[in-house]
Amino acid sequence: MHVAEAVGTALARLGVRQVFGVVGSGNFHVTNALVAGGAGFVAARHEGGAATMADAWARTTGEVGALSVHQGCGLTNAMTGITEAAKSRTPLLVLAAEATQRGSNFFVDQPALAAAVGAGAARVTSAATCVEEARAAYLLARDERRTVLLNLPLDVQGLEVPDDVAAASATLAAPPPPDAPEPAAADVEALAALLAGARRPVLVAGRGARGARADVLALADAANALLATSAAARGLFAGEPWALDVCGGFATPLAAGLVEDADVVVALGCTLTMWTTRHGRLIRPGSRVAQVDVDPAALGRNRPVDLGVVGDVARTACAVTAALGRRGGPLALPSHGGRDAVLAARIAAHGLWRSVPYEDWSDGAAGTIDPRTLSALLDDALPAGRTVAVDSGNFMGYPSMYLSVPDEHGFVFTQAFQSIGLGLASAVGAAVARPDRLTVAALGDGGAMMSAADLDTVRRLGLPFVVVVYDDAAYGAEVHHFTAGEPLGTVTFPETDIAAIGAGYGFDTVTVRRPEDVEGVRRWVDGDRSRPLLVHARVASPQGSWWLQEAFRGH
């Protein structure tokens, strides 16, 4: 057994279930060993797409995702997706062949690339230590929720491993993950006291609260609090009467007003970025802010907090709920300034963007449809059991806020690096993770054209899949960001028949220019769905989206 085979075998034994990548000579053997060990493999058409597929798969499953790439150019092609994963603290293991001879045309300083984007770096250094080094890299990714680059030098991969190392790779088992941290008793009492004294508390849950829905709901009931999520955790409180959907730039006017009115804001697994707080303006002066996170370095990272609690969200919520109970239960607490039947009716009537009136931009003469009208119609036409993955761009708020999702696993939002072109690959990774759901990839025309090669990956996988392209024939964010009167030829494009491109890749297609055209989507839903669907929507875009106008306040 050679080193490459031993490493792949060991990682499969440790728990790597799924690998995405583009295989070349340098990563051929380690990838084959992973597959022989039981891991699934998806061959992407570009390493950048493969990296984002692995990231989205890990986000959706909560497990360590894996990416396999060739030395040098294979890794550099993947760097944007790796950067997104690293910034998002996705547990991702990147297996990259490595040319260590500086005279090689494939040589780059791969550990330096990892460090530059915030990823960890490790290396297999010998036949005797290869299994233990692979194990350490895997556990670093899993236990610290980090993106880790494991370099596999070409001159080491082909070495014959000792018999005891070969045996170890075939029998390896991962230790159980470390226990989630319990909050300190004093912090629990301090947070309970803060909530007990609040009249208008709001709990804002982020990615760190995924999986803790029941515990956070119990805490909200005990504290008479309203609920909201960051964009990344959208769907966590789907269907709850006191939930305000997303806090921040995507918030409805009602949600923004209620968060601004809060006297206590508790961030649960949420770092309160500028996007979640609208550059700080959603949290009014004088409001008390608490933050709960497993990572001490996350506390106060983006804004000062009055109370920082190191602890697992679920365990902390349970402990604080119990502490509030010891104070006499919900009836002994001050009632929320509006958590009553009147506010419940307001949230039910106006809590979603679909209920917010707007002037329809649809233009029959121009053959364009308002993206809000389109998104609402698609929400009605597509099955409720869905996963929605959204690319970046001016359009992104429309599918993010108008397409409902069943839970926090139904929304994939790779936006930490704000790169366009990741949405299609995000959807592929999520579809592989949840083949039981219809996956909807919402893309702008810019991102769709950047990533079109992986339409072939969608077709090959044969999973239930819909691509919706919001086409304004431009990089819309830039169009609406530039000063009026400036030339826009650098960011606008002639009309492109994206439906024809989809058909060329083997998709069924529907072109939407007016509301009645969405009937073609309904027919596809009611049919056999044996082929994926691409919806090419010619959207009106006379001005920047509401969330974009808000975002640009910080630029």
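To be clear, the structure that these remarks concern was listed above.
The next subject is the overall build of the protein. Looking only at helices and strands, the protein features 23 helices and 18 strands. Against the 2.2 N^0.38 benchmark of 24 Å for 555 residues, the protein shows a C-alpha radius of gyration of 24 Å, consistent with a compact globule. Each of the three principal axes of the protein carries a C-alpha extent, and together these read 70 × 65 × 45 Å. Expressed as a percentage of contacts within the protein between residues at least 6 apart in sequence, the contacts between residues at least 24 apart total 76%. Carbon and sulfur atoms form 54% of the exposed surface of the protein, whose accessible area is close to 21000 Å². When the 44 basic and 57 acidic side-chain charges of the protein are each reduced to a single mean position, those positions are 4 Å apart.

In total, this model carries three cavities of 30 Å³ or more according to the counting rule given. For the largest cavity, the calculated volume is near 70 Å³. In terms of lining, the largest cavity is formed by 13 residues, of which the most central are Ala 448, Leu 455, Val 469, Ile 498 and Leu 534. Secondary structure elements with two or more residues in the lining of the largest cavity: helix H18 (445-450), strand S16 (465-471) and helix H21 (498-504). Per-element accounting of the lining of the largest cavity gives the leading share, three residues, to H21. Grouping the constituent residues of the lining of the largest cavity by class yields 11 nonpolar, two polar and no charged.

We now examine the pairing of strand S17 (residues 508-512). One ladder, built from five bridges, connects S17 with strand S18 (residues 533-538); its direction is parallel. Bridged to Val 512 within S18 is Ala 537. Handedness of the S17-helix H22 (residues 519-526)-S18 crossover: right-handed.

With that settled, the discussion passes to unusual backbone geometry. You will see that Asn 224, though not glycine, has its phi angle at about 55 degrees, which is positive. Along the chain, Asn 224 falls in the loop between helix H11 (213-223) and strand S8 (226-229). Judged by relative accessible area, which is 16%, Asn 224 ranks as buried. Not every positive phi belongs to a glycine, and Gln 418 is a case in point at roughly 55 degrees. On the basis of relative accessibility, which here comes to 43%, the residue Gln 418 falls in the partly exposed class.

Moving on to the sheet that holds strand S6 (residues 147-153). What the six strands build is an open sheet, ordered S2-S1-S3-S4-S6-S5; its pairing is parallel. Each edge of the open sheet carries a strand with a single partner, namely strand S2 (40-43) and strand S5 (120-123). Averaged over all neighbouring strand pairs, the angle between strand axes comes to 25 degrees, with direction disregarded. Judged from the three bridges that link them, strand S1 (residues 18-21) and strand S3 (residues 65-69) form a sheet pairing that is parallel. Across the sheet, residue Phe 20 finds its bridge partner in S3, namely Leu 67.

Bringing the sheet that holds strand S13 (residues 386-390) into the picture now. Across the sheet, which stays open at both edges, the six strands sit in the order S14-S13-S15-S16-S18-S17 with parallel pairing between neighbours. Because the sheet does not close on itself, it has two edges, and the strands there are strand S14 (411-412) and S17. Two strands pair when backbone bridges link them, and S13 and S14 are joined in this way by two bridges, in the parallel orientation. The residue of S14 that forms the bridge with Ala 389 is Val 412. Helix-sheet contacts for helix H15 (residues 371-381) involve S13, S16, S17 and S18, and the interaxial angle to S16 is about 170 degrees.

Rules used in this analysis
- Residues numbered from 1 in each chain as written.
- Predicted model: local features only at pLDDT ≥ 70, side-chain atom pairs only at ≥ 80, totals over all residues.
- Heavy atoms only, no water.
- Helix = DSSP H or I, 4+ residues; strand = E, 2+ residues; numbered from the N terminus.
- Rg over C-alpha atoms; globule rule 2.2 N^0.38 Å.
- Contact = heavy atoms within 4.5 Å.
- Areas by Shrake-Rupley, 256 points an atom, 1.4 Å probe, with all protein chains shown as cover.
- Lys, Arg positive; Asp, Glu negative; His and termini not counted.
- Charge placed at Lys NZ, Arg CZ, Asp CG, Glu CD.
- 1 Å grid on protein atoms, 1.4 Å probe; cavity = no way out; pocket = protein on both sides within 12 Å on 5 of 7 lines; lining within 4 Å.
- Points joined across faces, edges and corners; volume = space filled by probe spheres on them.
- Nonpolar A, V, L, I, M, F, W, Y, C, P; charged D, E, K, R; others polar.
- Pairing = 2+ DSSP bridges.
- Right-handed = clockwise from strand over helix to strand, strands pointing away.
- Buried < 20%, exposed > 50% of the residue type's maximum accessible area, 1.4 Å probe, protein only.
- Axes fitted to C-alpha atoms, helices over the stretch in contact; angles between N-to-C directions.

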